[in-house]
Amino acid sequence: MNRVALAFSGGLDTTVCVSILKEEYGYEDVIGVSVNVGQPKNEFEQAKETAKEISLDLKILDARTDFANLCLDSVRANASYQGYPLGTALARPIIAKAILEEAKKTKCNALAHGCTGKGNDQLRFEAIWRGSGLEIAAPIRDLGLTRTWEIQYAKENNLPIKSGNDGIWSIDTNLWSRSIEGGELEDPSTIPPSSIYEWTQSPSSESKLVTIEFDEGYPVAVDGTNYSPVELIDHLNTLCGPFGVGRTDVMEDRILGLKVRENYEHPAATALLNAHSALEDLVLTKEERKFKISVDDAWAEQAYLGLIYSPFMEALNGFISTTQKRVTGSVTLDLQGGHARAVSRESPYAVHSASAASFNTPGVIDDITQSDAIGVAKYHGLQERMSSALFDSEIPTTQNKK
Ligand code: ARG
């Protein structure tokens, strides 16, 4: 039996794929698989309805906990790519892995997705699938299909086109972010209309303090209440969205080189990333902080590529885990005007002494006194003083010749 497991959303692309996989590719049996990573409930209702109408056997798998755990790993890595906290990117390997497991369980010999040949998702899915030995079919990309062609094909073949299939924006929602693209937003000069936002409100002057507790870099509680990873992210989205926290508008360099204008909203991600880095500022040493920026950057890049299960990622996670042993404590954020600004941080591992840094205490720490700095001050800038530039009569104060 020639059986294929298709990543199914109930949208136009994947609905058309079901029929093409049978007619053009010759698969006798198509199984639709939808993976729950926190999409709105109505998306599953739509998928179920469409599946019923086209007699597709549909499996819905719940991967919310796996996904939330990965999102919180990304917080430890302060992960964002060009300003975007990677909601779609992090979800794809989780979805691909769940579909692969289902395909093996149901004895499929092939896997299929409805991605185009222009985006990142085709690469993220296949990075997980290609080692499996199963065939891979990507009808929209392989046959170069356009949306206009698909609509025509759906009409001719009596396939259901649900409202939303042909909406103005292309929207991808999960627990970590809502991403909105397409339509007039494709033009970088278009100011996004407020109607694109669902999770965030336009910033006002209202404000609220929220305290987030971390244990080894993982957020565990909000305002004194412990939450599971899924609940914590959900709760912070609801709490921070009304203050306009977590809207980004970026020119994104996609994997294949295309530059695409993308809009996102991600209140919980922004709050958690800001709070986490504020805590790291308190507990990590200067050298750790400096080096971790490049580790974090590499982590985000790998995650954007969909390569979260790579040996490189494992190595990066090793460094991150070591540093996170001391990232325990709490941070209070001030939510206001679209910002989630850290206004207070505490930790038993602080590399900080209030009295050492204070203007009001004579000593520094242990037996170090202020006057011990005299020798350091004498040496400081020694090479600069010795360099010929400084022996010139006139020392320039600015480069600005305008
Ligand atoms: N460009 C982003 C990424 O590749 C998100 C794309 C989301 N898709 C959408 N239909 N809005 O990670």
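What comes next is a walk through the structure. Keep in mind it's a predicted model, so treat the numbers as computed, not measured.

So, how was this worked out
Residues numbered from 1 in each chain as written. Predicted model: local features only at pLDDT ≥ 70, side-chain atom pairs only at ≥ 80, totals over all residues. Heavy atoms only, no water. Phe/Tyr/Trp six-rings, centres within 6.5 Å; stacked < 30°, edge-to-face > 60°. Helix = DSSP H or I, 4+ residues; strand = E, 2+ residues; numbered from the N terminus. Buried < 20%, exposed > 50% of the residue type's maximum accessible area, 1.4 Å probe, protein only. Near = heavy atom within 4 Å. Polar contact = N/O pair within 3.5 Å; in protein donor to acceptor, adjacent residues only side chain to side chain. Areas by Shrake-Rupley, 256 points an atom, 1.4 Å probe, with all protein chains shown as cover. Axes fitted to C-alpha atoms, helices over the stretch in contact; angles between N-to-C directions. Parallel < 35°, antiparallel > 145°, perpendicular 65-115°, else oblique. Left-handed = near helix turned anticlockwise from the far one by under 90°. Contact = heavy atoms within 4.5 Å. Nonpolar A, V, L, I, M, F, W, Y, C, P; charged D, E, K, R; others polar. Pairing = 2+ DSSP bridges. 1 Å grid on protein atoms, 1.4 Å probe; cavity = no way out; pocket = protein on both sides within 12 Å on 5 of 7 lines; lining within 4 Å. Points joined across faces, edges and corners; volume = space filled by probe spheres on them.

## Some points on the packing of aromatic side chains
- Evaluated as defined, the whole model comprises 7 aromatic pairs.
- Look at Tyr84 and Tyr264: their rings are 4.0 Å apart centre to centre, the planes differ by 10 degrees, and that puts the pair in the stacked class. Taken together, the positions of Tyr84 in the loop between helix H3 (64-76) and helix H4 (87-105) and Tyr264 in strand E12 (residues 259-265) put the pair 180 residues apart, joining distant regions of the chain.
- For Tyr264, a relative accessible area of 3% corresponds to the buried category.
- Ring centres 5.4 Å apart and planes at 70 degrees place the aromatic pair Phe291 and Phe319 in the edge-to-face group. Here the residue Phe291 occupies a position in helix H10 (residues 286-305), and Phe319 occupies one in helix H11 (residues 311-324), the gap between them amounting to 28 residues.
- Clustering of aromatic rings is evident, with ring pairs tying together Tyr81, Tyr84, Tyr264 and Tyr304.

## Things to note about the site of the ligand
- Close to the ligand lie Tyr84, Thr88, Ala89, Asn120, Arg124, Ser170, Asp172, Ser179, Glu181, Glu252, Glu262 and Tyr264, which account for all nearby residues.
- Within the side chain of Asn120, one N or O atom sits 2.7 Å away from an oxygen atom of the ligand.
- Taking Arg124, its side chain carries an N or O atom lying 3.0 Å from an oxygen atom of the ligand.
- When isolated, the ligand has an accessible area of 340 Å², and the protein chains bury 91% of it.
- Mapped onto the shell around the ligand, the elements with two or more residues apiece are H4, strand E6 (170-173), strand E7 (178-181) and E12.

## Some details on the packing of H3 against helix H8 (residues 229-240)
- Direction vectors running N to C along H3 and H8 enclose 70 degrees, while the axes themselves pass 8 Å from each other. Taken together, H3 and H8 sit at an angle that is classed as roughly perpendicular. Once H3 is placed against H8, the crossing between them reads as left-handed. Packed against H3, whose contacting residues are Arg64, Thr65, Ala68, Asn69, Cys71 and Leu72, the element H8 presents Pro229, Val230 and Ile233 at the interface.
- Of the residues that constitute the contact of H3 with H8, the class distribution is 6 nonpolar, 2 polar and 1 charged.

## Quick word on the sheet that holds strand E14 (residues 339-346)
- One open sheet holds the 5 strands; their spatial order is E10-E9-E8-E13-E14, and the pairing between them is antiparallel. Edge strands, defined here as strands with exactly one partner in the open sheet, are strand E10 (225-226) and E14.
- Sheet analysis places strand E13 (residues 329-336) next to E14, joined by 7 bridges and oriented antiparallel. Each residue of the ladder has a partner; that of Thr332, found in E14, is Ser344.

## Things to note about the layout of surface pockets
- Here the second largest pocket defines a volume of roughly 220 Å³.
- Lining the second largest pocket are 13 residues, and of these Asn78, Glu280, Lys292, Ile293 and Asp296 lie nearest its centre.
- Going through the elements one at a time, helix H9 (267-283) and H10 are the ones with two or more residues in the lining of the second largest pocket.
- Among the elements that make up the lining of the second largest pocket, the one with the highest residue count is H10 (6 residues).
- Of the residues contributing to the lining of the second largest pocket, the split by class is 4 nonpolar, 3 polar and 6 charged.

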